[in-house]
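So the chains spell out like this:
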Amino acid sequence: MEIPILWWLAPLSAIISLACAYLFYRQVKRKDAGSVRMQEIAGYVREGSFAYLKQQYKGVTIFFVAIFIIFNLMAWVLKLLDPLIPFAFLTGGFFSGLAGFIGMNTATMASSRTAQGCTKSLNEGLNIAFRAGSVMGLVVVGLALIDISAWFFILHKFNYSLDKTVVIMLSFGMGASTQALFARLGGGIYTKAADVGADLVGKVEAEIPEDDVRNPATIADNVGDNVGDVAGMGADLYESYAGSILATAALGMAAFSQISLDHSWAIRFVTAPMVLAGIGAFLSIFGIFLVKTKENANTKDLMFALNKSVYGSSILIAVAAFFVTKYMLPAEYYFGIFLSSIIGLVAGILIGLTTEYYTSYSFDHTKKIAEQGTYGPATVILEGFSVGLRSTAAPVIIIALAVLGAYSFSGGFKIPEMGLYGIGFGAVGMLATLGVTLAMDSFGPIADNAGGNAQMSKLPKDVRERTDALDSVGNTTAATGKGFAIGSAALTAMALLAAYLEEIRNSLIMTGHNIIELKYALNISEKVEVTKISITQFIDLYKINLMNPRFLTGLFIGAMVTFAFSALTIKAVGRAAGKMVEEVRRQFRDIPGILEGTGIPDYRECVRISTVAAQKEMLRPALVGIITPIIVGLILGVAGVMGTLAGALVAGILLAITMNNSGGAWDNAKKFVETGFNGGSGSSTHKATIVGDTVGDPFKDTAGPCINILIKLMSMVSIVFAGLIVAYSPNIQKLYTGIDDAKIVEVQSQDLPQLLDE
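Read on for an overview of the structure. Quick caveat, the model's predicted, so the values are computed rather than measured. (Residues numbered from 1 in each chain as written. Predicted model: local features only at pLDDT ≥ 70, side-chain atom pairs only at ≥ 80, totals over all residues. Heavy atoms only, no water.)

What follows is about the overall build of the protein chain. Within the protein chain, the regular secondary structure consists of 22 helices and two strands. In terms of overall dimensions, the protein chain is globule-like: its C-alpha atoms have a radius of gyration of 26 Å, near the 27 Å expected for 758 residues. If you line up the protein chain on its principal axes, its C-alpha atoms span 90 × 55 × 45 Å. Each of the 758 residues in the protein chain was classed as buried or not, and the buried ones make up 65%. In the protein chain, the proportion of contacts linking residues at least 24 apart, taken out of those at least 6 apart, comes to 84%. Within the structure as shown, the protein chain displays about 26,200 Å² of accessible surface, and the carbon and sulfur contribution to it stands at 64%. Both charge centroids of the protein chain, one from 56 positive and one from 59 negative side chains, sit 4 Å from each other. (Helix = DSSP H or I, 4+ residues; strand = E, 2+ residues; numbered from the N terminus. Rg over C-alpha atoms; globule rule 2.2 N^0.38 Å. Buried < 20%, exposed > 50% of the residue type's maximum accessible area, 1.4 Å probe, protein only. Contact = heavy atoms within 4.5 Å. Areas by Shrake-Rupley, 256 points an atom, 1.4 Å probe, with all protein chains shown as cover. Lys, Arg positive; Asp, Glu negative; His and termini not counted. Charge placed at Lys NZ, Arg CZ, Asp CG, Glu CD.)

Positive phi, close to 60 degrees, is recorded for Lys458, a residue that is not glycine. Locating Lys458 in the fold gives a position in the loop between helix H14 (434–456) and helix H15 (461–510). Unlike most non-glycine residues, Lys543 shows phi in positive territory, near 55 degrees. Its location among the elements puts Lys543 in the loop between helix H16 (535–541) and helix H17 (549–590). A relative accessible area of 23% means that Lys543 is categorised as partly exposed.

Its 56 residues place the ends of helix H19 (residues 619–674) only 37 Å apart at the C-alpha level, less than the 82 Å of an ideal helix rising 1.5 Å per residue. Among the 56 residues in H19, 45 count as buried, and that is most of the element. (Expected span 1.5 Å × (residues − 1).)

Here helix H7 (residues 266–288) contains 23 residues, and its C-alpha end-to-end distance of 35 Å stays within 8% of the 33 Å for a straight helix at 1.5 Å per residue. Burial of H7 is extensive: 20 of the 23 residues sit out of reach of the surface.

It is worth spelling out the nonpolar core at this point. Judged by nonpolar contacts, the single largest core of 251 residues is most densely connected at Tyr241, Met274, Tyr421 and Tyr500. Counting residues per element, this core draws most heavily on helix H6 (residues 218–257), which supplies 21 residues. Non-local contacts of Tyr500, meaning those with residues more than four positions away in its chain, are made with Val638, Val641, Met642, Ser718, Ile719, Ala722 and Ile725. (Core = buried A, V, L, I, M, F, W, Y, C linked by side-chain atoms within 4.5 Å.)

Here it is as structure tokens:
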């Protein structure tokens, strides 16, 4: 089979995206970096950021080497994996880490330049920060498409079958997911330990402004914005983007196997999501050029300026999706798949809007949290948590309608595999604008660092007002980005659930089970080739239903894991923040003249504390996500794994939305008070909202955003270890059941006459 000509748009768009990212990087670098003092402060932040990444990558490298060895043992000794899978795992992790590194390098360079741009105009500061954020967005889509395209091209040239190709390519998704979890988790612990320490001691106890040069934790706080919200978010969305494309490609192969078409169509089903993603990457570049604003812009004007880029790209991608599906897919199926991609695209925008509605202080929800600050921190926390809980309704309804619509329009109620392919295409459609949506998200921490630089450099008040305006919008875009990441995780994880069953098919073949005997009621049975079993038959085969205690147990375990994982991450932030509070208090007490401005704080010690704490604390939560599906699979089998993944998906999405939006609303309620409302900065209301913001910090920047990575990582681990589960779980299950019922299926009564006739 020849590769379709349109497929070449994927690697071509990847190259163009990387070229534009380099162009934007050079443009930002040529901007004025500001005074000597501004460059000095930016240098501290840059030094701390790279020190942290260097330490993290050392630890992650050791972990990846260990997993690489395990995978080789599974491939060469146990014969449960293709020998190329360990290498696919490494490339996924490497490119994910590289994307985060490049994005953070640009962000740390851009902070002083954004602050300096704000000395000229608000629009100048906006353009510098957004162009710097665009480097992150374009690097992520560029490297992901390069990785995917290279593997597909090489495997095709070496005559690997499409079935084996999609299996191997799915495996590098685990590498990306693992790297993303470590990046997001470690970065989140780092940034919130510094942020909480800086706020509680500096702003509440010492009553000095945010980002004050006298605060020993302020440099660590600014470093954290980069390692958590730039490098971490970049790695997070890299794996969502790659995972959605890879899962949809695998589902394309499954869908093709269930419909009667010439074999030449198979490669089109597999490559269609790659083509759409490639065109989306190219059109995202167009959206980036739409961003500009007027000098006297308010928060809504700035949000409109940024949203223009997303809306413009989305409209063009919607048009492109029609022609991609029409060319790549059969006439009877293309329009339904096109509608599925549009549903995903619209769902992504709507989830972003609902997140903005619940977290921006342009709306009443956040203003009411600020009002509650007049009664103290307890009512701030209660109101904010209530907002987070309420905010789950809209995105969950949007996700549910998107799943149902994509499944229905693509013909899922007739051919389930086509419906799942449509859901996968919805995820690809939602992430097609990633180049520009991630640029908006990365814009936030860059603007935040610019404000800190302006404060510590003692720039004029009007400059700080401009950076604060950008920072306020950046908080909303960051919250929107997290909501977008959660929504994309839901659709991607749904597609990965189906992809897991496809991997079970491959694992059965690898373990010698080419023929499966399906046993029905009344002692009726039939033998079926594994290559021809449908997803519905797999569901019957492994009793994936609520009446199977293995599946039900898995549901509870999956839901529990998301809460246990969140508890571990929040506790990790609490322990690390406690050490930071102690250190800041010690420096205020022991170093003469800090508060008077004559003494020099020891910024490096605070950076060291956050770095060490992040590396130490991130391991246990990560291991929970990696080990759980393996243990559950060995004990409870395929049904248990499916239950675990489904439970984690449902509970995790709700928990992540709650924590993300509560944290974002608390943060912006504090910002709202700082603009002069409800008593303004320094008032008792302000201190109450600072406490709320402190509670929300690990919610929105550590636990919340890590849950969506956890969901996808558990799916990827299940996919890679499917062979191990298929080979060994039946024997383990015999120990507590006494029977081997893994291959028994029950049939509905209406099916019996047909079976009897046969």
